[in-house]
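As a plain string of letters, each chain reads:
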Amino acid sequence: MDTAVYDYEKIYFDMWETARRYSELIQFRVIGKSHDDRMIPMVEMGQGEDCIFCVSGIYGYDRLMPVLLLEMIWEYARAWECNWKLEEIYDAGELLKKWRFCFIPILNPDGYEIYKKDYFVIRNPIYRQMLRMGQIPCKEFGGNGRGIDLGKNFPTSYYRRNRISQQPASENETKALVRIFQEYRGRGLLSFCHSGKKIVYFKQSQKLLENQKSHRGPVRHGRLSGRLGRAADRHDQKGLHQVRTAGRRVGGPEQKWRPL
């Protein structure tokens, strides 16, 4: 798949168009706006009360996962329409009756656009100048329109303040995601971020040592399609909390992450 042709506008439009085609199954929503006034789209799929959140595009340099998450939406919708089984195991109709999935392919639309179109794509002159003064190459920039790392902006026990004026959940993108978490009966979070050939299954636990051990447990990366079905089944047994790729991204240091 050629990710070069998938800019923010195309992903937004494809999500809207897919929701219109499968209106009995899918709802399209805008959950908030970025600091540069770009809308953050979400697709809600399924009829269950228990919800799994699927998020990608947290970092601007992540070009692959938003497109693959969009492809996953199409695959699940087609399987539901044709009464197919996912991975020849999971009946899509039964899965989507029991579970509800909220897909957010691009949480950070400003950063996603900066990667391809340079800092000049930021319309706010103050933010644009501030980002340019940072002198970070666009292909290595992972923050939002104000230069904040969204992965470190969530109000958790892992939060660390880097500046006196900095506050957790200060960014529009973070606030939008937190509101969605509060609106649904969430049972799991799958955070997709492309940076290597492995994934990490992270089991949230109360014991720090168990968390660290689970964080170091990478397994072979298979196809993305069908992973939600397996994750849903594992949730009741293991309390699946988050899935994310692990490894090194091209042109940058190893990416560390924290559970939400």
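Data block above holds the structure.
Residues numbered from 1 in each chain as written. Predicted model: local features only at pLDDT ≥ 70, side-chain atom pairs only at ≥ 80, totals over all residues. Heavy atoms only, no water.

(A) Structural detail: the packing of aromatic side chains. Enumeration according to the criterion identifies nine aromatic pairs in this entry. Measuring from centroid to centroid gives 4.9 Å for Phe53 and Phe181, while their planes differ by 65 degrees, and the two rings are edge-to-face. With Phe53 in strand β3 (residues 50–55) and Phe181 in helix α6 (residues 172–183), this residue pair connects regions lying 128 residues apart in the sequence. For Phe53, a relative accessible area of 4% translates into the label buried. Considering the side-chain rings of Tyr59 and Tyr61, the 5.6 Å spacing of their centres and the 5 degrees angle between planes classify their relative orientation as stacked. On the basis of relative accessibility, which here comes to 5%, the residue Tyr59 falls in the buried class. Its relative accessible area of 13% is what places Tyr61 among the buried residues. Members of the aromatic cluster, each reached through a chain of ring pairs, are Tyr8, Tyr12 and Phe28. (Phe/Tyr/Trp six-rings, centres within 6.5 Å; stacked < 30°, edge-to-face > 60°. Helix = DSSP H or I, 4+ residues; strand = E, 2+ residues; numbered from the N terminus. Buried < 20%, exposed > 50% of the residue type's maximum accessible area, 1.4 Å probe, protein only.)

(B) Representation of unusual backbone geometry in the model. Even without glycine at this site, Asp118 takes up a positive phi of about 75 degrees. Topologically, Asp118 is positioned in the loop between α4 (109–117) and α5 (125–133). For Asp118, a relative accessible area of 32% puts it in the partly exposed group. If you check the backbone angles, Ala169 has positive phi at about 55 degrees while not being a glycine. Mapping Ala169 onto the fold places it in the loop between α5 and α6. Judged by relative accessible area, which is 19%, Ala169 ranks as buried.

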